[in-house]
Amino acid sequence: MLLTTTNNIEGKKIAQYYGIVSGETIIGANVFKDFFAGIRDIVGGRAGSYESVLREAKETALQEMSQQAARMGANAVIAVDLDYETVGGSGSMLMVTAAGTAVRYE
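Residues numbered from 1 in each chain as written. Predicted model: local features only at pLDDT ≥ 70, side-chain atom pairs only at ≥ 80, totals over all residues. Heavy atoms only, no water.

Another aspect to go through is the overall build of the chain. Tallying secondary structure elements over the chain gives 2 helices and 4 strands in all. Its helices and strands in sequence order give the chain the pattern β-β-α-α-β-β, from N to C terminus. The buried share among the 106 residues of the chain stands at 27%. Sequence separation of at least 24 residues holds for 76% of the intrachain contacts in the chain that already meet a minimum separation of 6. When the accessible surface of the chain is summed, it comes to about 6600 Å², and 53% of that surface belongs to carbon and sulfur atoms. (Helix = DSSP H or I, 4+ residues; strand = E, 2+ residues; numbered from the N terminus. Buried < 20%, exposed > 50% of the residue type's maximum accessible area, 1.4 Å probe, protein only. Contact = heavy atoms within 4.5 Å. Areas by Shrake-Rupley, 256 points an atom, 1.4 Å probe, with all protein chains shown as cover.)

Below you can see the structure in the form of structure tokens.
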């Protein structure tokens, strides 16, 4: 499945548009990651634990979106957009949404 943020696929003709597809995931950041990320923020540097959680959430949302597109008969998703939001009472959960237009190209 080809995924692209562009509205077309260079050198290819889009034969059919199937419509909007999306994938969502919500991942909780555990207390230990929060604690160590807080320490990292104080002393500087990157918060590797959060980076891996973000990466995992993004990949899961993209995979769900791709699977929905494939069920429709698409072989690509164009105009892909990723959104990140914190949810929950204390913002302790991360929601990632991937959305785009399912198409079949030749």
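Within the fold, Ala57 resides in helix α2 (residues 48-72). The exposure class of Ala57 is buried, given its relative accessible area of 0%. As for Ala57 and Thr97, which are separated by 40 residues in sequence, their C-alpha atoms are 8.8 Å apart. Non-local contacts of Ala57, meaning those with residues more than four positions away in its chain, are made with Thr25, Ile27, Leu94 and Val96.

This next bit is on the pattern of salt bridges. Applying the stated criterion to the full structure yields 1 salt bridge. For Lys58, the salt bridge identified is with Glu59, shortest N-O distance 3.7 Å. Glu59 sits in the partly exposed class, given a relative accessible area of 43%. (Salt bridge = Lys/Arg side-chain N within 4 Å of Asp/Glu carboxyl O.)

Once that is clear, we can look at the environment of Gln68. As for its placement among the helices and strands, Gln68 is situated in helix α2. Residue Gln68 is classed as partly exposed on the basis of its relative accessible area, which comes to 25%. Residues Gln68 and Ile20, 48 residues apart in the sequence, show an inter-C-alpha distance of 9.7 Å. The contacts of Gln68, once residues within four sequence positions are left out, are Ile20, Val21 and Ser22.

Another aspect to go through is the environment of Met93. Within the fold, Met93 resides in strand β4 (residues 93-105). Sequence separation of Met93 and Ile27 is 66 residues, and the distance between their C-alpha atoms is 5.6 Å. Met93 has contacts with Ile26, Ile27, Gly28, Glu85, Thr86 and Val87, leaving out every residue within four places of it along the chain.

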